[in-house]
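Structural characterization, general
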Amino acid sequence: MIRRRSAPWIHRNSRYLIAGIAGCGALVTAYLTYVKFTQNSTACPTKSCDLVLQSPYATVLGQPLALFGFLAYTSMMIFALLPLGVDSVEKKENRNQLENLTWLLLLTGAVAMSVFSGYLMYVLFAKINAACIYCIGSAIFSLSLLILTIIGRTWEDFGQIFFTAIVVGMVTLIATLGVYSGVNRVDTNLSATPEPTGKPTMGVGWEIKSTSGEAEIALAKHLTQIGAKEYIAWWCPHCHEQKELFGKEAYKEIRHIECDPRGKNPQPNQCTAAGIEGFPTWQINGKLYPNVQSLNKLADISGYKGPRNFKNFPDAFK
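This text gives an overview of the structure that appears in the document. (Residues numbered from 1 in each chain as written. Predicted model: local features only at pLDDT ≥ 70, side-chain atom pairs only at ≥ 80, totals over all residues. Heavy atoms only, no water.)

Concerning the sheet that holds strand E4 (residues 256–258)
Stated precisely, the cut-off is as follows: Any two strands between which DSSP finds at least two bridges are classified as paired. Only DSSP runs of H or I reaching four residues or more are called helices, and only runs of E reaching two or more are called strands; each is numbered from the N terminus. Lines are fitted to the C-alpha atoms to define the axes, a helix being fitted only along its stretch in contact, and any angle between axes, read from their N-to-C directions, falls within 0 to 180 degrees.
Read from one edge to the other, the open sheet built from four strands follows the order E4-E3-E5-E6, with strand pairing classed as mixed. Only two strands of the sheet have a single partner each, and these edge strands are E4 and strand E6 (287–290). Going across the sheet, the axis of each strand differs from the next one's by a mean of 25 degrees, ignoring polarity. The pairing of strand E3 (residues 229–232) with E4 spans three bridges and is classified as parallel. Paired with Glu-230 across the two strands is His-256, which belongs to E4.

Some words on unusual backbone geometry
Keep this limit in mind: Burial classes: relative accessible area under 20% of the type maximum marks a residue as buried, over 50% as exposed, and values in between as partly exposed (1.4 Å probe, protein chains only).
The amide bond that connects Phe-279 to the next residue, Pro-280, takes the cis arrangement and shows omega of -10 degrees. Looking at the secondary structure, you find Pro-280 in the loop between helix H11 (268–274) and strand E5 (281–284). Of note in the backbone geometry, Asn-265 takes a positive phi value of approximately 50 degrees without being a glycine. The exposure class assigned to Asn-265 is exposed, which follows from its relative accessible area of 57%.

Things to note about the pairing of E6
Across a regular strand the side chains alternate sides, sitting on one face of the sheet and then on the other. For E5 and E6, the ladder comprises four bridges, and the chain directions are antiparallel. Within the sheet, the bridge partner assigned to Gln-283 lies in E6 and is Leu-288.

Description of helix H5 (residues 133–151)
Here is the rule we go by: Between the first and last residue of a helix there are one fewer steps than residues, each counted as 1.5 Å, and that sum is the expected span.
The terminal C-alpha atoms of H5, which comprises 19 residues, lie 27 Å apart, in line with the 27 Å expected from a rise of 1.5 Å per residue. For H5, every residue scored as buried is listed here: Tyr-134, Gly-137, Ser-138, Ala-139, Ser-142, Leu-145, Leu-146, Leu-148 and Thr-149.

A short note on a nonpolar patch on the surface
The following threshold applies: Like-charged residues are merged into a patch within 9 Å and nonpolar side chains (Val, Leu, Ile, Met, Phe, Trp, Tyr) within 5 Å, provided each residue has over 30% relative accessible area and no salt bridge. Here, Shrake-Rupley sampling with a 1.4 Å probe gives the accessible areas, and only protein chains in the shown set may cover a residue. When a carboxyl oxygen of Asp or Glu is within 4 Å of a side-chain nitrogen of Lys or Arg, the pair counts as a salt bridge.
Residues Phe-162, Phe-163, Ile-166, Val-167, Met-170, Val-171 and Ile-174 make up a contiguous nonpolar surface patch of about 750 Å² in total accessible area. Structurally, Ile-166 is set in helix H6 (residues 158–179).

Observations concerning the nonpolar core
For clarity, the cut-off: In this description, a nonpolar core means a group of buried Ala, Val, Leu, Ile, Met, Phe, Trp, Tyr and Cys residues linked to one another through side-chain atoms lying within 4.5 Å.
Among the nonpolar cores identified, the biggest contains 56 residues, and Leu-219, Leu-223, Phe-246, Phe-279, Trp-282 and Leu-298 are the most heavily contacted of them. Counting residues in each nonpolar core, the second largest holds 19 residues, with Ala-19, Ala-22, Leu-106 and Ala-110 among its members.

Focus on the pattern of salt bridges
Side chains carrying opposite charge are able to pair once their charged atoms draw close together. Scanning the entire structure with this criterion turns up two salt bridges. The partner of Asp-300 in a salt bridge is Arg-308, with the nearest N and O atoms 2.8 Å apart. Overall, Arg-308 belongs to the partly exposed group, its relative accessible area being 35%.

Taken by themselves, the reported measurements are silent on function.
So, in structure tokens, the structure goes:
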């Protein structure tokens, strides 16, 4: 009698493992989505997680990036478990077709998520300079899903894996660079402003080093007179860059609202009511302007008519 060779353990359980990891990823991203929408602080041992979550990279198409991550992980979990519900003999052929389709979807999803996570790791350490445990964990989840998808079944043609990885990877990378092109332009423009050094003072932030000229002070007073507000967080380096553009004397005139409950004179409820998604964000004449703004742009959108011989990094923005 010839015994049928049993399938390897990893093949028998790969879908359960994939679903489990995807479920963990869905929980993490669901939590981050909640934090982003409510403007709360994350349960993180350092401020790095909040710094990352409030950066421009944490918002895609006007929605939290974590929300798209949640949808991706949930889809992977569904793809992994879907064929397991078809177990009758009569539906065996349908199950085989469903398994083949879902394996291809799992491979496509895992490649796309791994490439995207790789780009986010580059942003994390090269652009934001922060180590977010949730982001790193999500990247590990994505890579684990890719590995399990590749070794979790017997692929008849490894060329299929290679071809799918190349095509999906290139499309994902091009789409990612396109989505973040605007953010990257902002980062390039900010290269002329000084990065804060040392640790920020708890609840206050970094000391403003630049001084103000007549034009900076006049613009700051004008913004306050028309009711303009700047929403900030004390630990946000981009908020400090905006402060340096004004200088210490002018920034005293700016009406700024601290959104972190642990900051000085915090008003998080106002930030939530205004729909603030990142720091800094300006509210001028009823409209929100996220990210660091040049003084010339603030002058334009606020109707400022005074002098514009700004002394602090006038060429940082064109």
